[in-house]
Amino acid sequence: MSFAAKLLKWYGENGRDLPWRNTQDPYIIWLSEVILQQTRVEQGMPYFYRFVEEFPIVTKFAEADEEKILRLWQGLGYYSRARNMHKAAKMVVAAFGGRFPTAFADVIRLPGVGEYTAAAIASFSSNEARAVVDGNVYRVLSRMFGISRPINSTQGKKLFSELANDLLDKQHPGLYNQAIMDFGAVQCKPKNPLCDQCIFRFECAAFREGLTEHLPVKMKGKESRNRYFHYFIIREEEQLLMAKRGGGDVWANLYEFPMLETPTAVEVDDLIGTEQFGAFFHPFAVVETIGPPTKHVLSHQNIHARFYMIHNASALKVKKSEWNYFFWEKIDRLAKHKLIFSFLERNKQLIIP
DNA sequence: AAGTCGGGGGA
DNA sequence: TCCCCAGACTT
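Criteria and thresholds
- Residues numbered from 1 in each chain as written.
- Chains lettered and ligands numbered in written order.
- Predicted model: local features only at pLDDT ≥ 70, side-chain atom pairs only at ≥ 80, totals over all residues.
- Heavy atoms only, no water.
- UniProt positions renumbered as here; feature names shortened; annotations may be inferred.
- Buried < 20%, exposed > 50% of the residue type's maximum accessible area, 1.4 Å probe, protein only.
- Helix = DSSP H or I, 4+ residues; strand = E, 2+ residues; numbered from the N terminus.
- Pairing = 2+ DSSP bridges.
- Phe/Tyr/Trp six-rings, centres within 6.5 Å; stacked < 30°, edge-to-face > 60°.
- Expected span 1.5 Å × (residues − 1).

The name an unreviewed UniProt entry gives chain A is Adenine DNA glycosylase, with Sphingobacterium allocomposti as the organism. Listed in UniProt under the heading Catalytic activity (unreviewed entry), the comment for chain A reads: "Hydrolyzes free adenine bases from 7,8-dihydro-8-oxoguanine:adenine mismatched double-stranded DNA, leaving an apurinic site." Listed in UniProt under the heading Sequence similarities (unreviewed entry), the comment for chain A reads: "Belongs to the Nth/MutY family."

Written out as C-alpha coordinates, the structure is:
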(Lines give C-alpha, C1' and ligand atoms only; values in the text may rest on other atoms or scores of the structure.)
Protein backbone atom coordinates (compact mmCIF):
# COMPACT_ATOMS: atom_id res chain seq x y z
CA MET A 1 0.00 0.00 0.00
CA SER A 2 1.29 3.46 -0.87
CA PHE A 3 2.16 6.11 1.68
CA ALA A 4 -0.92 8.10 0.67
CA ALA A 5 -3.23 5.10 0.83
CA LYS A 6 -2.07 4.15 4.34
CA LEU A 7 -2.47 7.74 5.43
CA LEU A 8 -6.02 7.96 4.09
CA LYS A 9 -6.89 4.69 5.81
CA TRP A 10 -5.50 6.03 9.09
CA TYR A 11 -7.44 9.24 8.63
CA GLY A 12 -10.70 7.39 8.02
CA GLU A 13 -10.28 5.63 11.36
CA ASN A 14 -8.62 8.32 13.47
CA GLY A 15 -9.33 11.71 11.91
CA ARG A 16 -10.60 14.52 14.09
CA ASP A 17 -14.00 16.08 13.46
CA LEU A 18 -13.29 19.79 13.07
CA PRO A 19 -15.97 22.35 12.19
CA TRP A 20 -14.26 23.76 9.09
CA ARG A 21 -14.10 20.28 7.57
CA ASN A 22 -17.85 20.16 7.01
CA THR A 23 -17.78 22.70 4.19
CA GLN A 24 -16.24 23.34 0.79
CA ASP A 25 -16.96 27.06 0.99
CA PRO A 26 -13.61 28.69 0.19
CA TYR A 27 -14.49 31.71 2.32
CA ILE A 28 -15.10 29.61 5.44
CA ILE A 29 -11.97 27.60 4.75
CA TRP A 30 -9.97 30.79 4.31
CA LEU A 31 -11.27 32.08 7.66
CA SER A 32 -10.22 28.91 9.43
CA GLU A 33 -6.83 28.66 7.75
CA VAL A 34 -5.74 32.20 8.52
CA ILE A 35 -6.92 31.90 12.11
CA LEU A 36 -4.96 28.66 12.44
CA GLN A 37 -1.67 30.06 11.14
CA GLN A 38 0.87 29.40 13.91
CA THR A 39 -2.08 28.76 16.20
CA ARG A 40 -3.23 25.56 17.86
CA VAL A 41 -6.61 24.23 16.88
CA GLU A 42 -8.05 24.56 20.40
CA GLN A 43 -6.88 28.15 20.64
CA GLY A 44 -8.30 29.16 17.26
CA MET A 45 -11.62 27.34 17.54
CA PRO A 46 -13.60 29.96 19.53
CA TYR A 47 -12.33 32.70 17.22
CA PHE A 48 -13.43 30.71 14.20
CA TYR A 49 -16.98 30.43 15.55
CA ARG A 50 -17.04 34.12 16.38
CA PHE A 51 -15.93 35.19 12.90
CA VAL A 52 -18.33 32.87 11.10
CA GLU A 53 -21.16 34.16 13.27
CA GLU A 54 -20.25 37.81 12.76
CA PHE A 55 -19.28 37.58 9.08
CA PRO A 56 -21.10 34.63 7.47
CA ILE A 57 -20.15 35.78 3.97
CA VAL A 58 -17.12 37.58 2.61
CA THR A 59 -19.03 40.74 1.69
CA LYS A 60 -19.92 41.22 5.39
CA PHE A 61 -16.24 40.89 6.25
CA ALA A 62 -15.29 43.43 3.61
CA GLU A 63 -17.88 45.94 4.82
CA ALA A 64 -16.83 45.81 8.48
CA ASP A 65 -14.53 48.46 9.86
CA GLU A 66 -11.04 47.55 10.95
CA GLU A 67 -11.76 48.43 14.59
CA LYS A 68 -14.43 45.76 14.74
CA ILE A 69 -12.26 43.12 13.11
CA LEU A 70 -9.33 43.85 15.42
CA ARG A 71 -11.62 43.70 18.44
CA LEU A 72 -12.83 40.25 17.40
CA TRP A 73 -9.21 39.23 16.85
CA GLN A 74 -8.13 40.60 20.23
CA GLY A 75 -5.98 38.16 22.17
CA LEU A 76 -5.17 35.87 19.24
CA GLY A 77 -1.86 37.51 18.29
CA TYR A 78 -0.15 38.16 14.95
CA TYR A 79 -2.58 40.98 14.30
CA SER A 80 -1.37 41.62 10.76
CA ARG A 81 -3.41 38.54 9.90
CA ALA A 82 -6.58 40.43 10.76
CA ARG A 83 -5.58 43.53 8.83
CA ASN A 84 -4.55 41.45 5.81
CA MET A 85 -7.83 39.56 5.92
CA HIS A 86 -9.69 42.81 5.70
CA LYS A 87 -7.70 43.83 2.63
CA ALA A 88 -8.19 40.39 1.11
CA ALA A 89 -11.96 40.48 1.65
CA LYS A 90 -12.15 43.82 -0.08
CA MET A 91 -10.11 42.44 -2.97
CA VAL A 92 -12.47 39.49 -3.30
CA VAL A 93 -15.40 41.87 -3.54
CA ALA A 94 -13.64 44.15 -6.02
CA ALA A 95 -11.99 41.56 -8.24
CA PHE A 96 -14.28 38.53 -7.93
CA GLY A 97 -17.64 40.15 -7.30
CA GLY A 98 -17.76 38.72 -3.79
CA ARG A 99 -17.36 35.13 -4.96
CA PHE A 100 -14.35 33.82 -3.04
CA PRO A 101 -11.87 32.20 -5.48
CA THR A 102 -10.82 28.56 -5.13
CA ALA A 103 -7.87 28.40 -7.55
CA PHE A 104 -4.38 28.36 -6.01
CA ALA A 105 -3.19 31.01 -8.49
CA ASP A 106 -5.99 33.35 -7.42
CA VAL A 107 -5.98 32.91 -3.66
CA ILE A 108 -2.20 33.16 -3.30
CA ARG A 109 -2.42 36.73 -4.55
CA LEU A 110 -4.54 37.72 -1.56
CA PRO A 111 -2.64 39.41 1.28
CA GLY A 112 -2.02 37.05 4.18
CA VAL A 113 -2.31 33.98 1.97
CA GLY A 114 1.02 32.22 1.38
CA GLU A 115 1.98 28.85 -0.09
CA TYR A 116 0.47 26.86 2.73
CA THR A 117 -2.86 28.66 2.97
CA ALA A 118 -3.33 28.80 -0.79
CA ALA A 119 -2.74 25.05 -1.06
CA ALA A 120 -5.17 24.42 1.79
CA ILE A 121 -7.96 26.55 0.30
CA ALA A 122 -7.48 25.19 -3.23
CA SER A 123 -7.34 21.54 -2.20
CA PHE A 124 -10.14 21.64 0.38
CA SER A 125 -12.59 23.72 -1.64
CA SER A 126 -12.04 22.36 -5.15
CA ASN A 127 -9.63 19.42 -4.87
CA GLU A 128 -6.86 21.18 -6.74
CA ALA A 129 -3.72 19.04 -6.49
CA ARG A 130 -1.54 21.21 -4.24
CA ALA A 131 0.24 19.71 -1.26
CA VAL A 132 0.13 21.64 2.01
CA VAL A 133 3.41 22.01 3.87
CA ASP A 134 2.89 23.11 7.46
CA GLY A 135 4.64 22.26 10.70
CA ASN A 136 2.93 18.88 10.81
CA VAL A 137 4.03 17.96 7.30
CA TYR A 138 7.63 18.98 7.98
CA ARG A 139 7.68 16.75 11.02
CA VAL A 140 6.03 13.70 9.43
CA LEU A 141 8.16 13.79 6.28
CA SER A 142 11.46 14.56 7.99
CA ARG A 143 10.99 11.59 10.33
CA MET A 144 9.51 9.23 7.79
CA PHE A 145 12.33 9.80 5.30
CA GLY A 146 15.09 10.74 7.73
CA ILE A 147 15.66 14.20 6.31
CA SER A 148 17.90 16.39 8.44
CA ARG A 149 17.97 19.44 6.20
CA PRO A 150 16.74 22.35 8.34
CA ILE A 151 13.06 23.01 7.70
CA ASN A 152 13.54 26.77 7.98
CA SER A 153 16.31 26.97 5.40
CA THR A 154 15.57 27.93 1.81
CA GLN A 155 16.81 24.57 0.53
CA GLY A 156 14.86 22.72 3.16
CA LYS A 157 11.60 24.41 2.27
CA LYS A 158 12.10 23.59 -1.39
CA LEU A 159 13.04 19.99 -0.66
CA PHE A 160 10.04 19.33 1.57
CA SER A 161 7.65 21.08 -0.77
CA GLU A 162 8.76 18.90 -3.71
CA LEU A 163 8.58 15.75 -1.64
CA ALA A 164 5.13 16.66 -0.35
CA ASN A 165 3.85 17.19 -3.87
CA ASP A 166 5.36 13.89 -5.02
CA LEU A 167 3.57 12.04 -2.23
CA LEU A 168 0.26 13.86 -2.69
CA ASP A 169 -2.71 11.71 -3.64
CA LYS A 170 -3.72 13.44 -6.87
CA GLN A 171 -7.12 11.77 -6.78
CA HIS A 172 -7.97 13.03 -3.29
CA PRO A 173 -5.77 16.07 -2.62
CA GLY A 174 -8.09 17.65 -0.04
CA LEU A 175 -8.56 14.48 1.95
CA TYR A 176 -4.87 13.64 1.77
CA ASN A 177 -3.85 17.08 2.99
CA GLN A 178 -6.22 16.85 5.94
CA ALA A 179 -4.90 13.38 6.66
CA ILE A 180 -1.21 14.19 6.79
CA MET A 181 -1.78 17.22 9.02
CA ASP A 182 -4.00 15.26 11.38
CA PHE A 183 -1.47 12.47 11.46
CA GLY A 184 1.20 14.95 12.50
CA ALA A 185 -1.00 16.52 15.15
CA VAL A 186 -2.39 13.33 16.69
CA GLN A 187 0.16 10.57 16.04
CA CYS A 188 3.52 11.97 14.93
CA LYS A 189 3.55 14.63 17.67
CA PRO A 190 6.53 16.92 18.37
CA LYS A 191 7.10 15.42 21.82
CA ASN A 192 6.45 11.79 22.72
CA PRO A 193 5.11 10.62 19.35
CA LEU A 194 3.07 7.40 19.49
CA CYS A 195 5.63 5.32 17.60
CA ASP A 196 4.92 1.91 19.13
CA GLN A 197 1.44 1.86 17.62
CA CYS A 198 2.26 3.75 14.40
CA ILE A 199 1.21 2.43 11.01
CA PHE A 200 4.61 3.45 9.60
CA ARG A 201 6.58 1.84 12.41
CA PHE A 202 8.47 -0.50 10.02
CA GLU A 203 9.14 2.08 7.33
CA CYS A 204 9.92 5.23 9.31
CA ALA A 205 13.60 6.13 8.99
CA ALA A 206 13.68 8.11 12.22
CA PHE A 207 12.11 5.29 14.23
CA ARG A 208 14.46 2.75 12.74
CA GLU A 209 17.53 4.82 13.58
CA GLY A 210 16.32 6.24 16.86
CA LEU A 211 16.30 9.80 15.53
CA THR A 212 12.67 10.59 16.22
CA GLU A 213 13.37 13.21 18.85
CA HIS A 214 16.09 14.84 16.71
CA LEU A 215 13.85 15.41 13.70
CA PRO A 216 12.85 17.71 12.21
CA VAL A 217 15.93 19.95 12.40
CA LYS A 218 15.34 23.66 12.79
CA MET A 219 17.94 26.41 12.88
CA LYS A 220 17.74 28.59 15.97
CA GLY A 221 16.90 32.24 15.53
CA LYS A 222 18.17 35.28 17.34
CA GLU A 223 17.48 35.40 21.04
CA SER A 224 14.83 37.84 22.12
CA ARG A 225 15.63 41.36 23.30
CA ASN A 226 14.40 43.10 26.43
CA ARG A 227 12.22 46.20 26.33
CA TYR A 228 11.01 48.36 29.20
CA PHE A 229 7.55 49.90 28.92
CA HIS A 230 6.07 52.39 31.37
CA TYR A 231 2.30 52.74 31.20
CA PHE A 232 0.44 55.70 32.66
CA ILE A 233 -3.13 55.36 33.80
CA ILE A 234 -4.76 58.76 33.57
CA ARG A 235 -8.37 59.27 34.58
CA GLU A 236 -10.46 62.28 33.87
CA GLU A 237 -13.89 62.00 35.42
CA GLU A 238 -15.41 58.96 33.81
CA GLN A 239 -12.76 58.61 31.18
CA LEU A 240 -9.54 56.70 30.78
CA LEU A 241 -6.93 58.03 28.44
CA MET A 242 -5.92 55.51 25.79
CA ALA A 243 -3.43 55.76 22.95
CA LYS A 244 -3.56 53.94 19.64
CA ARG A 245 -0.30 52.30 18.64
CA GLY A 246 1.12 53.00 15.22
CA GLY A 247 2.68 50.55 12.78
CA GLY A 248 6.17 49.11 12.48
CA ASP A 249 6.16 47.59 15.95
CA VAL A 250 4.27 45.08 18.04
CA TRP A 251 0.52 45.49 18.50
CA ALA A 252 0.07 47.77 15.47
CA ASN A 253 -3.16 49.80 15.52
CA LEU A 254 -4.19 48.44 18.91
CA TYR A 255 -4.99 50.49 22.01
CA GLU A 256 -3.11 50.82 25.25
CA PHE A 257 -2.45 53.36 27.97
CA PRO A 258 -0.15 56.23 27.10
CA MET A 259 3.37 54.94 27.61
CA LEU A 260 7.03 55.62 27.22
CA GLU A 261 9.85 53.18 26.70
CA THR A 262 13.24 53.29 28.34
CA PRO A 263 16.31 51.48 26.97
CA THR A 264 17.03 49.89 30.37
CA ALA A 265 15.11 49.01 33.51
CA VAL A 266 14.28 52.23 35.37
CA GLU A 267 12.67 52.64 38.79
CA VAL A 268 9.87 55.13 39.21
CA ASP A 269 11.99 57.69 41.11
CA ASP A 270 14.52 57.80 38.29
CA LEU A 271 11.88 57.70 35.61
CA ILE A 272 10.41 60.96 36.87
CA GLY A 273 13.74 62.67 36.33
CA THR A 274 14.10 61.64 32.72
CA GLU A 275 13.72 63.99 29.79
CA GLN A 276 11.05 61.73 28.29
CA PHE A 277 8.91 61.94 31.40
CA GLY A 278 9.39 65.71 31.50
CA ALA A 279 8.01 65.96 28.00
CA PHE A 280 4.89 64.07 29.11
CA PHE A 281 4.14 65.60 32.50
CA HIS A 282 4.68 68.75 34.52
CA PRO A 283 6.90 68.40 37.60
CA PHE A 284 3.93 68.41 39.95
CA ALA A 285 2.56 65.14 38.61
CA VAL A 286 1.48 62.75 41.37
CA VAL A 287 2.67 59.30 40.40
CA GLU A 288 1.71 56.07 42.13
CA THR A 289 2.93 52.63 41.11
CA ILE A 290 0.09 50.21 40.43
CA GLY A 291 0.68 46.50 40.73
CA PRO A 292 3.94 44.58 40.40
CA PRO A 293 6.33 44.85 37.44
CA THR A 294 4.94 42.59 34.76
CA LYS A 295 6.91 40.49 32.29
CA HIS A 296 5.16 39.79 29.03
CA VAL A 297 6.91 37.31 26.75
CA LEU A 298 6.58 37.51 22.99
CA SER A 299 8.29 35.22 20.50
CA HIS A 300 11.22 37.57 20.00
CA GLN A 301 11.06 40.16 22.77
CA ASN A 302 10.48 40.32 26.50
CA ILE A 303 8.35 43.25 27.53
CA HIS A 304 9.02 44.44 31.08
CA ALA A 305 6.01 46.56 31.87
CA ARG A 306 5.28 48.84 34.82
CA PHE A 307 2.02 50.63 35.46
CA TYR A 308 1.59 53.98 37.17
CA MET A 309 -1.44 55.97 38.18
CA ILE A 310 -1.24 59.71 37.49
CA HIS A 311 -3.51 61.19 40.15
CA ASN A 312 -3.69 64.71 38.75
CA ALA A 313 -4.57 64.67 35.09
CA SER A 314 -3.79 68.39 34.97
CA ALA A 315 -0.11 67.45 35.12
CA LEU A 316 -0.39 66.14 31.60
CA LYS A 317 1.64 68.22 29.14
CA VAL A 318 0.84 66.43 25.92
CA LYS A 319 -2.25 67.51 24.04
CA LYS A 320 -5.01 65.01 24.61
CA SER A 321 -6.14 65.47 21.04
CA GLU A 322 -3.09 63.45 20.11
CA TRP A 323 -4.59 60.49 21.91
CA ASN A 324 -7.95 58.83 22.01
CA TYR A 325 -9.77 58.90 25.25
CA PHE A 326 -12.85 57.01 26.25
CA PHE A 327 -15.55 56.43 28.80
CA TRP A 328 -14.52 53.41 30.73
CA GLU A 329 -17.58 51.50 29.59
CA LYS A 330 -16.08 51.58 26.13
CA ILE A 331 -12.80 50.09 27.19
CA ASP A 332 -14.02 46.55 26.72
CA ARG A 333 -15.00 47.34 23.19
CA LEU A 334 -11.60 48.51 22.03
CA ALA A 335 -9.03 46.31 20.42
CA LYS A 336 -6.65 46.36 23.35
CA HIS A 337 -3.71 44.02 23.27
CA LYS A 338 -3.14 41.15 25.65
CA LEU A 339 -0.87 42.90 28.13
CA ILE A 340 -3.32 45.76 28.66
CA PHE A 341 -6.26 43.40 28.61
CA SER A 342 -4.89 41.29 31.44
CA PHE A 343 -3.86 44.35 33.43
CA LEU A 344 -7.39 45.73 33.21
CA GLU A 345 -8.84 42.42 34.31
CA ARG A 346 -6.63 42.34 37.38
CA ASN A 347 -6.94 45.99 38.40
CA LYS A 348 -10.39 47.03 37.32
CA GLN A 349 -11.38 48.03 40.83
CA LEU A 350 -8.35 50.29 41.11
CA ILE A 351 -8.84 52.33 37.98
CA ILE A 352 -12.52 52.27 37.19
CA PRO A 353 -14.54 54.99 38.90
C1' DA B 1 18.70 34.72 4.23
C1' DA B 2 17.41 36.70 8.33
C1' DG B 3 14.27 39.32 11.10
C1' DT B 4 9.59 40.47 12.69
C1' DC B 5 5.01 39.63 14.11
C1' DG B 6 1.56 36.90 19.73
C1' DG B 7 -0.12 34.08 22.67
C1' DG B 8 -0.69 29.66 24.87
C1' DG B 9 0.32 24.90 26.10
C1' DG B 10 3.17 20.71 26.89
C1' DA B 11 7.15 18.50 28.84
C1' DT C 1 13.01 26.85 30.51
C1' DC C 2 12.55 25.55 25.72
C1' DC C 3 9.96 24.35 21.81
C1' DC C 4 6.01 24.24 18.94
C1' DC C 5 1.63 25.51 16.89
C1' DA C 6 -2.88 24.01 9.96
C1' DG C 7 2.88 30.84 8.44
C1' DA C 8 3.30 35.36 6.04
C1' DC C 9 5.65 39.39 5.16
C1' DT C 10 9.53 42.76 5.21
C1' DT C 11 14.20 43.97 4.96
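S.K.: What is the right way to look at the pairing of strand 2 (residues 239-244) in this model?
M.R.: The side chains of a regular strand alternate, residue by residue, between the two faces of the sheet. Burial runs high along strand 2: five of the six residues are buried. Following strand 1 (residues 225-236), the chain reverses through two residues before pairing antiparallel with strand 2; E237 in that reversal takes a positive phi of roughly 55°. One ladder, built from four bridges, connects strand 2 with strand 7 (residues 324-327); its direction is antiparallel. Within strand 7, the residue paired with L241 across the bridge is Y325.

S.K.: Quick question: what am I supposed to make of the packing of aromatic side chains here?
M.R.: Each aromatic ring pair is characterised by the separation of its centres together with the angle its planes make. Tallied over the entire structure, the rule returns 27 aromatic pairs. For the ring pair F232 and F280, a centre distance of 6.0 Å and an interplane angle of 50° mean the geometry is tilted. With F232 in strand 1 and F280 in helix 14 (residues 275-280), the pair connects residues that are 48 residues apart, well separated along the chain. Taken together, a centroid distance of 5.8 Å and an interplanar angle of 85° make the contact between Y255 and F326 edge-to-face. Highlighted residues: Y255 in strand 3 (residues 255-256) and F326 in strand 7, separated in sequence by 71 residues. When sorted by exposure, Y255 lands in the same class as F326, which is buried. These aromatic residues form a ring-pair network of at least three members: Y27, W30, F51, F55, F61, W73 and F100.

S.K.: Honestly, helix 1 (residues 3-14) in this entry has me stumped. Any pointers?
M.R.: In this model, helix 1 (twelve residues) spans 16 Å end to end at C-alpha, consistent with the 16 Å of a helix rising 1.5 Å per residue. Of all the positions in helix 1, only F3, A4, K6, L7, L8, W10 and Y11 are classed as buried.

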